[in-house]
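# Analysis of the macromolecular model
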Amino acid sequence: MATSSDLGFFLLVTIVKVAIILWVLLTAIAYLTWLERKVIGHIQSRWGPYLVGPHGLLQPLADGVKFLFKEDIMPADADRLVYWLAPFIAMVTAFLSIAVIPFGESFELRGHVIPLQITDLNVGLLFVFAVTSLGVYSIVLAGWASNSKYPLFGGLRSSAQMISYELALGLGVVGVLMISGTLSLRGIAASQLGFWRLGGILILPRWNIFLQPVGFLVYFMAAIAETNRVPFDLPEGETELVAGFHTEYSSFKFAMFFMSEYANMVTVSCLATLLFFGGWSGPVFGPGWLRVLLPVFWFCLKVFCFLFFYIWVRGTLPRFRYDQLMAFGWKFLLPLGLANILVTSFVLAWIHS
Amino acid sequence: MLAIFYMAAAVAVLAAMAVVFQRTPVYSALSLIVVLGALAVVYLLLDAPFIAMIQVIVYAGAIMVLFVLVIMLLNARPEEPTRGSRFAHWLGVPLLIVFLGEFSYLIFRRFPARAAPSAADASPEAIGHLLFRSYVLPFEVTSILIVVAILGAVVLAKKQL
């Protein structure tokens, strides 16, 4: 039975966890913008931000201050309520899904086991999908409420793109779900701990990527499209649509769209790590506190690799044309995802029989 | 738990009324999304998290996006309030009240107040077993029906294939 002091302890721990995770996430997003400008700069033989602080390290802070003090402009014929609502929807949906992401094992404090995760839902993966599927509204509504032609085009493109690629995103992970047999993100990650052995020799970690390479490919390509990043960034394609859905947004409302895009990148990278790359699995050694912290480090390292890959892709690939985008989603990714599910289920049935 | 239910129910009813009374089509669509979200909370309280998440993903996240997309494509403006026929005023409102009274009386008689049927297993596994074992024929028939509907839509939309 939970006593009132237990409940108080639980609440306190949860609030502390939420505060820490939000702080880490916000800092990570701020420095992700710095990293993006730095890496793309070096890809293009430039230095990137260099003036504010050593190697431009204080640039995110300067950007934040700049956003805060800029004039907030609203188009004359905009729909006021929805125009306000859109950036908030973007922020809330982008930050909500981090609540079910596990980033390590658990540790004991005063006889309580504290998992390194805000909450473990038994339908955690579906929760993330539900929240991200609501994130579409921020873009659609921003495009509509601005009452201006370029944002409207951006919003229309985005809604069609999101619906198309959400299917491929879902199909990509079904293979993993069939193998692990659970929808809890902690359960999926825990099922990948350990190694495959051949004659007593460790060969490969038990990561799903080795069982589901096609599923991973489908998932990650669809995920890039879902986060509206290059080469799928048609909702904001600046050569045709000025800045797409957020053309009419300025000051802090623009910053909210900007932050939510990076938060979505972090979420998608976390999911890719948890579903396909074993979550926090990695070499663990040393005293007790190191055994708690090392898995967190491995998790963050893997997420960082994905984020770097995102930026790398942006510095490398040109943008799709709109009809190419739709054809790629419906005629390539979707059938590939379905075929992957079919093959996986046949193999699983064969193993189980 | 009961307090959360009443809050979700109140939000659902108020938003559902907003769907009808709003004059701007986009606001109506947004209110409908709020209704679907509130219903998802009710499903959560009934120990059916899987159904709740599917409700949000499918209805709020996909179908309503299409609704909003269509409204935006048509660029639907706020409706002009019509005078309203006298017939609707004098006969419609009393009839609505009679209908609501009858409906709620029947519901209360058929389902007297008691605990929610939480004993039913609503896990993904259980729903999968129901769908693909007991109800596999209706399930497949539905999917064929949907394919037929899609084909019909394509034929209607494209004069030349």
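Residues numbered from 1 in each chain as written. Chains lettered and ligands numbered in written order. Predicted model: local features only at pLDDT ≥ 70, side-chain atom pairs only at ≥ 80, totals over all residues. Heavy atoms only, no water.

Below, the discussion takes up the overall build of chain A. Across its full length, chain A carries 11 helices and 4 strands. Over its C-alpha trace chain A gives a radius of gyration of 22 Å, about what one expects of a compact globule, namely 20 Å for 353 residues. Projected onto the principal axes, the alpha-carbon positions of chain A cover approximately 65 × 50 × 50 Å. Burial analysis of chain A (353 residues in total) assigns 51% to the buried set. Considering only contacts in chain A between residues 6 or more positions apart, those separated by 24 or more positions represent 75%. Computing the positive centroid from 21 side-chain charges and the negative centroid from 19, chain A places the two 8 Å apart. (Helix = DSSP H or I, 4+ residues; strand = E, 2+ residues; numbered from the N terminus. Rg over C-alpha atoms; globule rule 2.2 N^0.38 Å. Buried < 20%, exposed > 50% of the residue type's maximum accessible area, 1.4 Å probe, protein only. Contact = heavy atoms within 4.5 Å. Lys, Arg positive; Asp, Glu negative; His and termini not counted. Charge placed at Lys NZ, Arg CZ, Asp CG, Glu CD.)

When a protein is soluble and globular, its nonpolar side chains tend to lie buried together. Core analysis: the biggest nonpolar cluster contains 115 residues, and A:Leu125, A:Leu185 and A:Tyr219 have the highest contact counts within it. Setting aside anything within four residues of it in sequence, one finds A:Leu185 in contact with A:Val100, A:Ile101, A:Pro102, A:Gly124, A:Leu125, A:Val128, A:Leu271, A:Leu274 and A:Leu275. (Core = buried A, V, L, I, M, F, W, Y, C linked by side-chain atoms within 4.5 Å.)

So, on to the environment of A:Phe299. Residues and elements named next belong to chain A. Mapped onto the elements of the fold, Phe 299 is located in helix α10 (residues 288-316). By relative accessible area, Phe 299 is classed as buried at 5%. In sequence terms Phe 299 and Gly 278 are 21 residues apart; their C-alpha atoms lie 8.7 Å from each other. In this view, Phe 299 contacts Ile 101, Pro 102, Phe 103, Cys 270, Thr 273, Leu 274, Gly 279 and Trp 280; residues no more than four positions away in its chain are not counted.

Residue and element names in this part refer to chain A. Here strand β1 (residues 106-109) runs beside strand β2 (residues 112-115); their pairing, made up of 4 bridges, is antiparallel. Following the sheet pairing, Phe 107 is matched in β2 by Ile 114. Between the antiparallel neighbours β1 and β2 lie 2 residues, among them Arg 110 with a positive phi of about 50°. (Pairing = 2+ DSSP bridges.)

With that settled, the discussion passes to unusual backbone geometry. Of note in the backbone geometry, A:Ser45 takes a positive phi value of approximately 55° without being a glycine. At B:Asp47, a position not held by glycine, the phi torsion is positive, near 65°. Considering the arrangement of structural elements, one finds B:Asp47 in the loop between α2 (25-45) and α3 (49-74).

The interface of chain B with chain A comprises 23 residues on the first partner and 24 residues on the second. Roughly 2000 Å² is buried in total at the junction of chain B and chain A, and carbon and sulfur atoms are behind 82% of that figure. Sorting the residues of chain B by area buried against chain A places B:Met53, B:Val65 and B:Met72 first, and these three jointly supply 30% of that buried surface. Our enumeration of links across chain B and chain A arrives at 0 salt bridges. Inspection of the chain B/chain A interface yields 2 residue pairs in polar contact (both at pLDDT 80 or more). Broken down by secondary-structure element, the contributors of at least two residues to the side of chain B that touches chain A are α2, α3 and α5 (124-134) of chain B. Broken down by class, the residue content of the side of chain B that touches chain A amounts to 20 nonpolar, 2 polar and 1 charged. (Buried area = accessible area lost by both parts, 1.4 Å probe. Salt bridge = Lys/Arg side-chain N within 4 Å of Asp/Glu carboxyl O. Polar contact = N/O pair within 3.5 Å; in protein donor to acceptor, adjacent residues only side chain to side chain. Nonpolar A, V, L, I, M, F, W, Y, C, P; charged D, E, K, R; others polar.)

Residues and elements named next belong to chain A. The end-to-end C-alpha distance of helix α4 (residues 124-145) is 32 Å, a good match for the 32 Å that 22 residues give at a rise of 1.5 Å each. The buried count for α4 comes to 20 of 22 residues, which makes it a mostly enclosed element. In the stretch just after α4, Asn 147 is the one whose phi turns positive, near 55°. (Expected span 1.5 Å × (residues − 1).)

Before going further, it helps to examine the packing of helix α3 (residues 80-96) of chain A against α4(A). Residue and element names in this part refer to chain A. In the contact formed by α3 and α4, the axes pass within 8 Å of each other and the chain directions differ by 160°. Relative to α4, the element α3 lies roughly antiparallel. Read as a crossing pair, α3 and α4 show a hand that is left-handed. Contacts between α3 and α4 involve Val 82, Tyr 83, Ala 86, Ile 89, Ala 90, Thr 93 and Leu 96 from the first element and Phe 127, Val 131, Leu 134, Gly 135, Ser 138, Leu 141, Ala 142, Trp 144 and Ala 145 from the second. The residue inventory of the contact of α3 with α4, partitioned by class, reads 13 nonpolar, 3 polar and no charged. (Axes fitted to C-alpha atoms, helices over the stretch in contact; angles between N-to-C directions. Parallel < 35°, antiparallel > 145°, perpendicular 65-115°, else oblique. Left-handed = near helix turned anticlockwise from the far one by under 90°.)

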